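Below, each chain spelled out in residue letters.
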Amino acid sequence: MTSSHTPRPDRIRISGGRVIDPASKVDEVLDVYIAEGSIAAVGAAPEGFAAEREIDAAGRVVCPGLVDLCARTREPGQEYKATIASESLAAAAGGITTLCCPPDTRPVVETPADIELIRLRAEAAGKTRIVTLGALTRGLKGEYLSEMAALKKAGCVGVSNALRPLANTLVLRRALEYAATFDLTVFLYPNDHWLSANGCAHEGKVATRMGLPGIPEAAETAAIARDLALIEQTGVRAHFCRLSTGRAAHMVARAQFDGLPVTADVAIPYLYLTEIDVRGFDSHCHVIPPLRTTEDRQRLRDAVQRGIFSAICSDHQPHEPDAKLRPFPSTEPGISGLDSLLPLGLRLVDEGVMELGDVIHRLTAGPAQILGLSCGTLAPGSSADICIFDPDMTWQLDASTMRSHGHNTPFTGWEMKGRVTHTLLAGRVVHLL
Amino acid sequence: MRNSLQLDDQGRLRHFLCIEGLNYPLLTDILDTAESFAGVTEQSVKKVPLLRGKTIVNLFFEASTRTRTTFELAAKRLSADVLNINITQSSTVKGETLLDTLRNLEAMHIDMFVVRHADSGAAHFIASHVAPHVSVINAGDGRHAHPTQALLDMFTIRRVKGADFGRLRVAIVGDVLHSRVARSQIHALNLLNTGDIRIVAPRTLVPAHADALGVHVYHDLEAGIEGADVIIMLRLQRERMQGALLPSEHEYYELFGVTEEKLAAAGPDVTIMHPGPINRGVEMDSEVADGPRSVILEQVTHGIAVRMAVMSMAMHRREEARA
């Protein structure tokens, strides 16, 4: 393992940076002290602390390493798209120290051995921590329950059927009840597969004009309504993944107001792109759920700002070039997003959507809490997973210089502001600009 | 982006992909050029040497008889060499990607592809990946566009009703949701400043936000065709029953099938059109299809002249074509 033969400096001082740790409600220029892979102190040096390494963070922001709720590394099974090693590098370069992978690998994550394989490969890469969701149903086929107790014991952070449908509502109900038995969070992708069948774009003005088979808003809202009824009945803790419509955000807000144990997230492309970007048949804008209207985008932004969505994720889906080199409806959906997660997040501050501290919360403590992990904070005693970035450095996203193995992004040519200069994982520098 | 893809920097046709992005002068120019070719197709020697030495490939990923045949005839009457490739039964079945198929054909020094594909946007995709000297003509992509069909329809309307579309009421009846023909017709009718464009269909066959296309939506046939100068019927596919879009052909015929009786609601000189092939007794009665107001067979004839115009113009032989 890389970590074993890379000497780990025991004691590091990160000095002079603006420390933003939403979990501890800290936002001021402070020094951060690291010892033995953990945060020793923030502010005053612990007694007798002698740093072996100093990182000058003047003019930079020091925040917890980012926690990405959804990123596909494509391993095991689709190594021609990307690997755990390649995507770990991209994550570290993007300041991301924890990745959560959905279970739809090949084979799917449904046994302790599958979880172990991913954990070992991630440790070998040594650049980021990878946690996994286990399959909600066997083979994600939506028919039989997976062995959730075993999955939990092996370390999965939740269960999900990813983008696959369940055979019927009874299977879903039983799966939620069984997950609740073991206090597992269920990650739901609200999508009525009958309503969205064969669709590849938002059912609206643009799809009508372009003759693209549409996915109606109701594909998302009908599924959420059903799920909420079952969540209420079963008492399971549930998380709604990748919401795309304003109405869905409203439904989640209502459920939260009513005291249901539900959280939700949005993937960052949905805070910038809309159905209009599909014009010209740009296959890089082919995503599931589809990009919706400008009004939806505004309501998603409001929901993130208000904390109805407590996490923003990359929904990273790296592809080989051929996957996008087809007529639009036949291309594979998804955007390679690790490289642009932080800069696009910071852009929300520039566009006046939310405060910097809130953006960092949605990228660190927010998702960590959803996953039930202790990371995402700089509180003394936590693992020293740290992202240091220069908030003023501007750069242009260029597909050819992306760290991810997948170069499929609609953000090519965008002017980005903010660049990661250092990433630390358990006190070890895993990325240095 | 679309404009730059199908037009060159002087605004001339480079590819012909969709009606959107064209302008009024260019559209009328194509129709005028088609008019000059209509003479050629009526002569006993039906050839002009405009595209002699050029090789045109009809690349059809979807079955078609009428469109492919008229494209083939149009190319032959321009003296081009024509190759018909039916991909539904060849390469893609063997796993070759669309781009590989394209590259292989390009290596044979093809000058023009006439493409039909089941995916919306397929012609745009091909046009953005071919070599610079190759032209692409869209012969139908998914539900998106079938621009030569729309042009031959406009050509037919112009011949019958005159060039002033502003005083016309045109009703398009049938499955607009799945129809690339309807989308292209609507854009063309709008570009020609048609006075009143209507679509008539049950809600299940009308796309979301159809009014944004610049049409008035009707769900009752007699109200929709009231005072119409032109009625364009669309073909109804059998699989629409399986998709729960319609209960039965019978009920569709009862409500939306055009009969002589229902035609009383339309204008006295109404013209009946259909892109073919017709389902007699579903979209319309034989009496209507074969009646004096029907121009369905003229549409087919005009298809050749319009396609000759588009092909020759896209090959930058426009000036010679007009001479």
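Residues numbered from 1 in each chain as written. Chains lettered and ligands numbered in written order. Predicted model: local features only at pLDDT ≥ 70, side-chain atom pairs only at ≥ 80, totals over all residues. Heavy atoms only, no water.

### Looking at the sheet that holds strand E8 (residues 230-233) of chain B
Residues and elements named next belong to chain B. Spatial ordering of the open sheet is given by E7-E6-E5-E8-E9, a layout of five strands whose pairing is parallel. For this open sheet the edge positions go to strand E7 (216-218) and strand E9 (271-273), each flanked by a neighbour on one side alone. The mean angle between the axes of side-by-side strands here comes to 20 degrees, regardless of whether they run parallel or antiparallel. Helix H7 (residues 180-191) contacts strand E5 (169-173), strand E6 (196-200) and E8 of the sheet and is inclined by roughly 170 degrees relative to E5. (Pairing = 2+ DSSP bridges. Helix = DSSP H or I, 4+ residues; strand = E, 2+ residues; numbered from the N terminus. Axes fitted to C-alpha atoms, helices over the stretch in contact; angles between N-to-C directions. Contact = heavy atoms within 4.5 Å.)

### A word on the pairing of strand E3 (residues 112-117) of chain B
Residue and element names in this part refer to chain B. For E3, a buried count of six out of six residues is recorded, marking the element as mostly surrounded by other parts of the structure. Residue alternation in E3 divides its side chains into two sets, Met-112, Val-114 and Arg-116 and Phe-113, Val-115 and His-117, and both sets are buried. Summarising the sheet, strand E1 (residues 55-60) and E3 pair through five bridges and their orientation is parallel. Bridge pairing links Val-57 to Phe-113 in E3. Where E3 and strand E4 (residues 135-141) come together, five bridges link them in parallel fashion. (Buried < 20%, exposed > 50% of the residue type's maximum accessible area, 1.4 Å probe, protein only.)

### Focus: unusual backbone geometry
Residue and element names in this part refer to chain A. Glu-75 connects to Pro-76 through a cis peptide bond whose omega is 5 degrees. Mapped onto the elements of the fold, Pro-76 is located in the loop between strand E6 (66-68) and helix H2 (84-93). Look at the link from Ile-288 to Pro-289: it is a cis peptide, with omega at -5 degrees. Topologically, Pro-289 is positioned in the loop between strand E15 (262-267) and helix H10 (294-306). One non-glycine residue, Arg-74, lies in positive phi territory at about 75 degrees. Mapped onto the elements, Arg-74 comes out in the loop between E6 and H2. Even without being glycine, Asp-183 reaches a positive phi, approximately 55 degrees. Tracing the chain through its elements places Asp-183 in the loop between helix H5 (169-181) and strand E11 (186-188).

### Observations concerning the confidence of the model for chain B
In this model, chain B carries an average pLDDT of 92, and 95% of its residues clear a pLDDT of 70 or more. In the model output, the complex is listed with pTM 0.94 alongside ipTM 0.92. (pLDDT = per-residue confidence, 0-100.)

### As for the pattern of salt bridges
Side-chain pairing between opposite charges can occur once the charged atoms of the two side chains come close. Residue and element names in this part refer to chain A. Within the structure shown, the criterion is met by 34 salt bridges over all chains. Note that Lys-81 and Glu-320 form a salt bridge whose closest N and O atoms lie 2.7 Å from each other. Linking Lys-81 in the loop between E6 and H2 with Glu-320 in the loop between strand E16 (311-313) and helix H11 (341-350), this pair joins segments that are 239 residues apart in sequence. A relative accessible area of 17% means that Glu-320 is categorised as buried. In this structure, the salt-bridge partner of Lys-417 is Asp-350, at a minimum N-O distance of 3.8 Å. Highlighted residues: Lys-417 in strand E18 (residues 415-425) and Asp-350 in helix H11, separated in sequence by 67 residues. According to the relative accessible area criterion, Lys-417 is partly exposed, its value standing at 33%. The class for Asp-350 is exposed, based on a relative accessible area of 51%. In the salt-bridge network here, residues are joined through shared partners; they are Arg-13, Asp-31 and Glu-54. (Salt bridge = Lys/Arg side-chain N within 4 Å of Asp/Glu carboxyl O.)

### Observations regarding the domain arrangement of chain B
Residues and elements named next belong to chain B. Domain parsing of chain B yields domain 1 (2-144 + 301-322) and domain 2 (147-296). Distance between the C-alpha centres of domain 1 and domain 2: 26 Å. Contacts between the two partners involve 34 residues from domain 1, matched on the other side by 25 residues from domain 2. On the surface where domain 1 and domain 2 come into contact, there are three salt bridges. Between Arg-158 and Asp-32 there is a salt bridge whose closest N-O contact spans 2.9 Å. Between domain 1 and domain 2 we count seven residue pairs in polar contact (both at pLDDT 80 or more) in total. At the level of secondary structure, the elements contributing two or more residues to the side of domain 1 that touches domain 2 comprise helix H2 (24-42), helix H3 (66-77), E3, E4 and helix H12 (296-314). Looking at which element gives the most residues to the side of domain 1 that touches domain 2, the answer is H2, with 10 residues. When its residues are assigned to classes, the side of domain 1 that touches domain 2 shows 15 nonpolar, nine polar and 10 charged. (Domains from an automatic or database assignment. Polar contact = N/O pair within 3.5 Å; in protein donor to acceptor, adjacent residues only side chain to side chain. Nonpolar A, V, L, I, M, F, W, Y, C, P; charged D, E, K, R; others polar.)

### Quick look at H12 of chain B
Residues three or four positions apart in an α-helix share a direction because the helix packs 3.6 residues into each turn. All names here are of chain B. Between its terminal C-alpha atoms H12 stretches 27 Å, which fits the 27 Å expected from 19 residues at 1.5 Å a residue. At His-302, H12 is deflected by roughly 30 degrees, the largest bend along its length. Taken across its 19 residues, H12 has 15 buried, putting it largely inside the fold. Just past H12, the residue His-316 takes up positive phi, approximately 60 degrees. (Expected span 1.5 Å × (residues − 1). Bend = angle between axes of the 7 residues up to and from the residue.)

### Section: the pairing of strand E2 (residues 81-86) of chain B
Residue and element names in this part refer to chain B. One ladder, built from six bridges, connects E1 with E2; its direction is parallel. Across the sheet, the residue bridging to Asn-58 is Asn-84, located in E2. The handedness of the E1 to E2 crossover, carried by H3, is right-handed. (Right-handed = clockwise from strand over helix to strand, strands pointing away.)

### A word on the sheet that holds E16 of chain A
All names here are of chain A. Across the sheet, six strands lie side by side as E9-E10-E11-E14-E15-E16; this open sheet has parallel pairing. Each edge of the open sheet is held by one strand with a lone partner, namely strand E9 (134-135) and E16. As judged from the two bridges shared by strand E10 (residues 159-160) and E11, these two strands associate in the parallel manner. By the bridge assignment, Ser-160 is partnered in E11 with Phe-187.

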